Structures are given as structure tokens and as C-alpha cells.
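Okay, here's what each chain looks like letter by letter:
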Amino acid sequence: MALAHRLQFLSPSLSLIHFRKPNSTNIHPICSLHYDSSFTSYSSPFTEKHSIQRFQRDQWLYKNQVEQITSCSFPPDSHLNRENNIALQLPELKKLLQVLREKRESEGCSKGKYGPGNVFLVGTGPGDPELLTLKAMRVIQSADLLLYDRLVSNDVLDLIGPDARLLYVGKTAGYHSRTQEEIHELLLSFAEAGATVVRLKGGDPLVFGRGGEEMDFLQQQGIQVQVIPGITAASGIAAELGIPLTQRGVANSVKFLTGHARKGGTDPLFVAENAADPDSTLVVYMGLSTFPSLSLKLLHHGLPPCTPAVAVERGTTPQQRTVFAELKDLAQQITSAQLISPTLIIVGKVVALSPLWSLSLKETSSLVEAK
């Protein structure tokens, strides 16, 4: 079914480089005793909902509203909330569908006889564009339409071909530019029109990225989906810090956990006693708000208070910030450092194998002695 028809059934509220490799000078081990608030002035490398870069990239969707958007350094919700985004974008999305159909017909396909286009779920890694795979690069540069999330870095988006169209479908706390059902319908509608559609996700699309849900929906509709894996944040950030996620004699397994509680709330509903294993490495995604509760549970279920841990904000980007601490202190030090999303947390004895662990301990010791 064409998008022009399909979108009538969506809610009336529907929303659209250069390489710079981080080096050791960009990694800032921080402890609660030694924190420079100027670090918070770094602009995010990701496509936050108020990013002026994002609105400039998506300006093809807004037409007459472009001047209003680009004249503001910070587009306000009152003008560009979810409902207005959708209302403004619908006409341009319909026009793009028609252009794509005509393109297919001009390439020799008889009207209505061509098959669906290709859908690719592409992982863009934790932020550093040089961590993209060659296959991801090739697909990104051949796409007709790219639907991208908040944690796709701006540097990655700058690699996209000049003729492609970008549509922001990101989610952040308190603001979902699209519901998951609307994202499903967009992918299906453009695939049915014969487009090459790329769904860009930060990290890996099948690790806490809801890629499995999108793949399942499209396959049930007869649309072929190809998944191009990305370097998940756990692997990319651990490598950046020199932390082996597994190490013979230190950690014999690794667990990936989501810090999001089911249906919201502040208390993760996974079983903490199964995660409190001193011989395993624990990696927590999206866990800033729930980590105080999780850390107490881990301690309650027997994980030693002195277990090494680290929280990493905006890992693998030049804005990366790190907080190393023992498990018993990490939640408080995260608060003191005012870390923001996206932040990944790694807990386990392997954290002490990072060369930055001993550096952070020395800094803490010297600060205490100076008091």
C-alpha cells in the first residue's frame, strides 16, 4: 500500500565529515574529588532532538519552515513538537514516494509490476565514523532514504550520498519523534514503493536497538531485510579504554544488560543475583538513571564493594568522558561528574586491566593527600 494511503492510518502526530579519531588526550578519567565542570560545554556528537545540524539536514521536509528552523540556535518544542513535525513532513514524504515510483518506472519497470525495494538495518557503531564497516559505508552511500536514530553520530551522517533523503526517527527520554509502529509503517511504505531504505542505528541494530522487531514486522509483510552489524558500544568503548571484556583467569563471560526498567520506573526488573558474578563482566546500556538501584542490588547479592567499574559518556568520540571508581562509589561519582546520555557502564575485575585504572587511582590518592 502506498504511503499516501498508509499514512492516513497513522496518528495525526507523525516526525526526519570529516574523520576525527579520538586519541589518548581526549580521554579524561574523572573522580568525584577532581571534576572540571567545563567538560559539559562539549557539544554532543550525536543527533540530539534540538541539534541545529539535524534540522538543517532534514530541511527538505519543512520547505517554508526552513528559515524559522535555521534562524534558531535551539529549535523550541513549541514550534517543532512531534505533532507539528508530522504534519509538516507528510506532504514531502508523499512527494518523495511519487519520485521513487517514477524513478523505478523510468528504469524499465512496468507500472505496478516491480518488486519491493531493499531494506537494510545498519549499525553505525558507538560514534567514531572510522569504526563503520566497509559494507555499511557502501549501503549508506547507495540509499534513497535513510531513517536515523539519535545515537547515529553527526560525522557518520556526513558520509551519506548527496541524493539521499534523511528522516529523523530518534527517541530520547520524554520525546519520541516517531512511535515504533510509525517507524514500521514508514519502512514498509517506502520498501513497497521500490526504494532502497536504510535504517541507521547507533551501535549494533540487534543489541538493544529494536532491530529484531523491525526485521520481524517487515518479513511478515514479505519484505526482505538485510542486517549489517555494527560495533556495539560494549566492544568499541572497552577497546578504547584497553579493557578486555573477557580475560583468562579474570572474567570467563560477559553479560549485556539494559538499564531501562520495563514500562519505565527507576528500578531495573532483571534479576540482579544472576548479574552479581565476580567472574563475569557486566556491561550496562542506558543505565544512568537506574544504576544507583542496580549497584545496591549487585552489592546485596554479593558482588564485592571494591569491584572495579567505569562509566563512559559519549564513548569513542572526541567528547568522551570517563569516571573510574569502585562499585560502591561509582553511582555517586557519576552524579558528581554530571555524566549525560549516552553513557555505558562496565563493572568487573577486567576494568582494573585498563591502563587508565591505575592512573585514576593515582590521581585520587594525590588529591586526598593534598587535602
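Computed from a predicted structure; not experimentally measured.

J.: Sorry if this is basic, but what is going on with the overall build of the chain here?
T.: Within the chain, the regular secondary structure consists of 13 helices and 13 strands. Sorting the 371 residues of the chain into buried and exposed places 51% on the buried side. On the chain, roughly 16,800 Å² of surface is accessible, and the fraction owed to carbon and sulfur atoms is 53%.

J.: Help me out: how do you make sense of helix 8 (residues 211-220) in this one?
T.: Helical geometry: 3.6 residues make up each α-helical turn, so side chains three or four residues apart lie on a common side. Turning to helix 8, its buried residues number three or more, namely Gly211, Glu214, Phe217 and Leu218. Viewed along the axis of helix 8, the buried residues span an arc of 130 degrees, placing them on a single side of the element. Turning to helix 8, the residues buried within the fold contact strand 2 (119-123), helix 7 (180-192), strand 7 (197-201) and strand 8 (225-228). Looking one or two residues past helix 8, Gly222 carries a phi angle of roughly 85 degrees, positive in sign.

J.: Would you mind going over the pattern of salt bridges with me for this structure?
T.: When the charged atoms of two side chains with opposite charge come close together, those side chains can pair. Tallied over the entire structure, the rule returns 15 salt bridges. As a salt-bridge pair, Arg210 and Glu213 come within 2.9 Å of each other at their nearest N and O atoms. Using a relative accessible area of 40% as the deciding quantity, one classes Arg210 as partly exposed. Note that Lys328 is salt-bridged to Asp329, the shortest N-O span being 2.9 Å. Taken together, the salt bridges that share partners define one network made up of Asp149, Arg199, Lys201 and Glu214.

J.: Looking at this structure, I do not really get the pairing of strand 12 (residues 321-326). What am I missing?
T.: Along any regular strand the residues' side chains alternate between the sheet's two faces. Counted residue by residue, strand 12 has five buried out of six residues, so it is predominantly covered. Examined bridge by bridge, strand 11 (residues 308-313) and strand 12 share six bridges and lie antiparallel to one another. For Val310, the partnering residue across the bridge sits in strand 12 and is Phe324.

J.: What am I meant to see in the packing of helix 4 (residues 82-106) against helix 7 here?
T.: In helix packing, the relevant descriptors are the interaxial angle and the interaxial distance, both defined with respect to the helix axes. Look at helix 4 against helix 7: their axes get within 11 Å of each other, and the N-to-C directions meet at 15 degrees. Here helix 4 is positioned roughly parallel relative to helix 7, judged by the angle of their axes. You can see that helix 4 and helix 7 cross each other, and the crossing is right-handed. Judged by residue contacts, Arg82, Ile86, Leu93, Leu96, Leu97 and Leu100 of helix 4 engage Glu182, Leu186, Ser189 and Phe190 from helix 7. In terms of residue class, the contact of helix 4 with helix 7 is built from seven nonpolar, one polar and two charged.

J.: I tried to follow unusual backbone geometry on my own but got confused; where do I start?
T.: Across the chain, the bulk of peptide bonds are trans and the bulk of non-glycine residues have phi less than zero. For the bond from Ser341 to Pro342, the omega torsion is 0 degrees, close enough to zero to count as cis. Note that Pro342 resides in the loop between helix 12 (327-337) and strand 13 (343-347). With a phi angle near 55 degrees, Phe208 is a residue other than glycine that sits in the positive phi range. By secondary structure assignment, the location of Phe208 is in the loop between strand 7 and helix 8. Here Phe208 falls in the partly exposed class, since its relative accessible area comes to 38%.

Rules behind the numbers
- Each chain carries its own residue numbering, running from 1 in the direction its sequence is written.
- Local features are withheld for residues below a pLDDT of 70 in this predicted model, meaning they are given only at 70 or higher, and side-chain atom pairs are given and counted only at 80 or more; totals for whole chains, interfaces and linings count all residues.
- For the side-chain quantities, the full set of heavy atoms in the structure was used; hydrogens and water were omitted.
- Numbering of helices and strands runs from the N terminus; a helix is a DSSP stretch of H or I covering at least four residues, while a strand is a stretch of E covering at least two.
- A 1.4 Å probe rolled over the protein chains alone gives each residue an accessible area, and that area as a share of the maximum for its type sets the label: buried under 20%, exposed over 50%, partly exposed in between.
- Note on areas: Shrake-Rupley, 1.4 Å probe, and residue coverage restricted to the protein chains presented here.
- Within this analysis, the arc is defined by the directions that extend from the helix axis to the C-beta atoms.
- Any two residues whose heavy atoms approach within 4.5 Å are treated as being in contact.
- Salt bridge, as used here, is a side-chain nitrogen of Lys or Arg placed within 4 Å of a carboxyl oxygen of Asp or Glu.
- Only strands that DSSP links by at least two bridges are regarded as paired with each other.
- Between N-to-C directions, angles span 0 to 180 degrees; the directions come from axes that are lines fitted to C-alpha atoms, helices contributing only their stretch in contact.
- Each angle gets one of four labels, with under 35 degrees taken as roughly parallel, over 145 as roughly antiparallel, 65 to 115 as roughly perpendicular, and the rest as oblique.
- Helix crossings fall into two classes, left-handed where the near helix is turned counterclockwise from the far one by less than a right angle and right-handed where it is turned clockwise.
- Three categories are distinguished: nonpolar for Ala, Val, Leu, Ile, Met, Phe, Trp, Tyr, Cys and Pro, charged for Asp, Glu, Lys and Arg, and polar for the others, with Gly belonging to the last.

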